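Residues per chain are reported as follows:
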4 protein chains.
Amino acid sequence: MEAAHFVQINTGSPEPIYRQLIEQVRRRIAAGQLSAGDEIPSVRELAQALAVHPMTISKAYSMLEMEGLLERRRGLSMVVAAQHRRAQPPASRIELLRPALQKAADEARQLELPAAEVIALFTQLLTESQA
Amino acid sequence: MEAAHFVQINTGSPEPIYRQLIEQVRRRIAAGQLSAGDEIPSVRELAQALAVHPMTISKAYSMLEMEGLLERRRGLSMVVAAQHRRAQPPASRIELLRPALQKAADEARQLELPAAEVIALFTQLLTESQA
Amino acid sequence: MEAAHFVQINTGSPEPIYRQLIEQVRRRIAAGQLSAGDEIPSVRELAQALAVHPMTISKAYSMLEMEGLLERRRGLSMVVAAQHRRAQPPASRIELLRPALQKAADEARQLELPAAEVIALFTQLLTESQA
Amino acid sequence: MEAAHFVQINTGSPEPIYRQLIEQVRRRIAAGQLSAGDEIPSVRELAQALAVHPMTISKAYSMLEMEGLLERRRGLSMVVAAQHRRAQPPASRIELLRPALQKAADEARQLELPAAEVIALFTQLLTESQA
DNA sequence: GTGGTCTAGACCACA
DNA sequence: GTGGTCTAGACCACT
């Protein structure tokens, strides 16, 4: 996977960049798009591709390493770790999505929007973004 | 509206308190639960009810004033502003929900979850939270 | 002078209402539009005409009384005082205007606007507002 | 631009410090003295140079950011935003001066001062302050 | 290093 | 009573 398409970040978002990185990598591993042993872009390469500070990438990689999702190999680029939970079954993966869904549902309630309309828009976004 | 039920905050959340306040008030006004001219709880009253520092409330109110949603009345408590976009029609209100839905859709795509499952869970959360 | 035209206030201005009142009365006395012995509107009358709190009017009147520009007459409405400095000569009156001119000049400098243009606009505003 | 000369404040003025900052920065940007991408002094640096509390500076910067004149860069100092209305043509810049001129004109009218005299004094102040 | 958030608490201005 | 301003200072998040 070349650096340019490894992850996408939004520097304008209130969500910190390093967290955007972490969560995207977590999801890609959970989905099985990244498998044990896959090489990931180097800190410098990704930093340049995303135009962010290398330390930001490094911080994200370190946290993913602490989580056990990535492995450092001396002198070589990091790879997806071979251990535990990975490519989880959908029943488990959907739990990673629950917080985002819950937040949207809470907001919909406060806006007093009819459920049907909300679901219609969500379905549309879901279908579009999967295209 | 008494202060105790005006808004709810979650001090544990990474989202700053003042921003939680802003977004809830914004949604309540958009939903028409707060109408032009309605008085809102005083800074001190709400600060005590939520057990936060008055300046935190004041900051949120000031930003809502800059947004044009609240109006200051010298020496008196603030009121919901009497102007433009307010109690918007659902077609417009749903736009306030779009970012949350988009985020959930993006995450679902990265997790490669089937749309049907995602919509099923979302529908459940939406119905529960409206109960 | 009936209350409605005695003074004009701008509740939206950052300048406090009581101060707007004081300064306008000061200027009208300095200009000779109000002379010793002239009756001024009662607190209640003016408060109603301007739709402000009576205490705001009362505060302004009290400060003008302390300044020696107004006089209280028991049971009767206040009048312009008969004492000292009043209907000053233009040479003296223009000093009351100096702060406003200085502020405008300072801002013009910071905006790096050519003096000729600034004077042209000011002349226009001055002529219009005197019409 | 070093912090010491970035802005000047007057702690004795009734105008709040943070507002003095906002208006000066606004004018400097409008005048083109500050251009898109220019770094501004850090909160701490300017706070020390002006001998005020950092939060006072931070408040001013935040409001300028909400206005779209400054941009935040996470972990780095803020810069002048790269967008719309900036270094405006004089025809537009003079509008920023209009309120101050209008106020002076209104006061001159109430003082019943001859326009010629008022303009003479204003011209003098304008020329002096540009020296 | 950068800015952000929050608290505790004083003091002011306004109605 | 209302909100506004400011300080002192802690702690956090980000680069």
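Above this text you will find the structure in question.
Residues numbered from 1 in each chain as written. Chains lettered and ligands numbered in written order. Predicted model: local features only at pLDDT ≥ 70, side-chain atom pairs only at ≥ 80, totals over all residues. Heavy atoms only, no water.

Peer 1: Hey, could you go over helix H2 (residues 43-50) of chain B for me, with residue numbers and the actual values?
Peer 2: All names here are of chain B. Among all positions of H2, only Leu46, Ala47 and Leu50 are buried. Mapping the buried residues of H2 onto a view down its axis gives an arc of 105°, with all of them on the same face. Across H2 from its buried face, at more than 90 degrees, point the exposed residues Arg44 and Gln48. Buried positions along H2 lie against helix H1 (17-31) and helix H3 (54-66). Positive backbone phi, approximately 60°, marks Ala51, located one or two places after H2. (Buried < 20%, exposed > 50% of the residue type's maximum accessible area, 1.4 Å probe, protein only. Helix = DSSP H or I, 4+ residues; strand = E, 2+ residues; numbered from the N terminus. Arc of directions from axis to C-beta. Contact = heavy atoms within 4.5 Å.)

Peer 1: So, the relation of the copies chain A and chain B: which residues are in play, and what are the values?
Peer 2: At an RMSD of 0.7 Å, chain A and chain B line up after a rotation of 176° and a shift of 0.3 Å along the axis. When the rotation and shift are considered jointly, the pair of chain copies conforms to a two-fold rotation axis. Taken as a fraction of all interface residues of chain A, those also at the interface in chain B reach 95%, which identifies the copy contact as same-surface. (Least-squares fit on C-alpha atoms with pLDDT ≥ 70 in both.)

Peer 1: How would you summarise the packing of aromatic side chains if you had to cite specific residues and measurements?
Peer 2: With the rule as written, the count across this model stands at 2 aromatic pairs over all chains. Aromatic side chains Phe122(A) and Phe122(B) sit 4.7 Å apart centroid to centroid with 55° between the ring planes, which places their arrangement in the tilted category. Highlighted residues: Phe122(A) in helix H6 (residues 115-130) and Phe122(B) in helix H5 (residues 115-130), drawn from two different chains. No difference in accessibility class separates Phe122(A) from Phe122(B), as the two residues are buried. (Phe/Tyr/Trp six-rings, centres within 6.5 Å; stacked < 30°, edge-to-face > 60°.)

Peer 1: I'd like a rundown of the protein's contact with DNA strand F, residues and numbers included.
Peer 2: Surveying the vicinity of DNA strand F reveals 25 residues, the closest of which are Pro16(A), Met55(B), Arg72(B), Ile17(D) and His53(D). Put simply, 68% of the atoms of DNA strand F that lie within 4 Å of the protein are in sugar or phosphate. Between DNA strand F and the protein, one listed contact pairs a base nitrogen with a side-chain N or O atom of Arg44(B) at 2.6 Å. Within the side chain of His53(D), an N or O atom sits 2.2 Å from a base nitrogen of DNA strand F. Elements represented by at least two residues in the surface near DNA strand F include exactly helix H2 (17-31) and helix H4 (54-67) of chain A, H2, H3 and strand E2 (76-80) of chain B together with helix H1 (17-31) and helix H3 (54-66) of chain D. (Near = heavy atom within 4 Å. Polar contact = N/O pair within 3.5 Å; in protein donor to acceptor, adjacent residues only side chain to side chain.)

Peer 1: Please set out the pairing of strand E2 (residues 76-80) of chain D residue by residue, giving values where relevant.
Peer 2: Residue and element names in this part refer to chain D. Note: strand E1 (residues 70-73) against E2, 3 bridges, orientation antiparallel. When the sheet's bridge partners are listed, Glu71 is paired in E2 with Val79. If you look at the hairpin formed by E1 and E2, you'll find 2 residues sitting between the two strands, and Gly75 has a positive phi there, around 80°. (Pairing = 2+ DSSP bridges.)

Peer 1: How would you summarise the pattern of salt bridges if you had to cite specific residues and measurements?
Peer 2: Applying the stated criterion across every chain, the model contains 24 salt bridges over all chains. Glu107(A) is paired through a salt bridge with Arg27(B); the nearest N and O atoms lie 3.5 Å apart. Taken together, the residues span two chains, with Glu107(A) in helix H5 (residues 90-110) and Arg27(B) in helix H1. With a relative accessible area of 8%, Glu107(A) lands in the buried category. Judged by relative accessible area, which is 12%, Arg27(B) ranks as buried. Two residues, Lys103(D) and Glu107(D), come together in a salt bridge whose shortest N-O distance is 2.9 Å. With Lys103(D) and Glu107(D) both in helix H4 (residues 90-110) and 4 residues apart, this pair spans about one turn of that helix. (Salt bridge = Lys/Arg side-chain N within 4 Å of Asp/Glu carboxyl O.)

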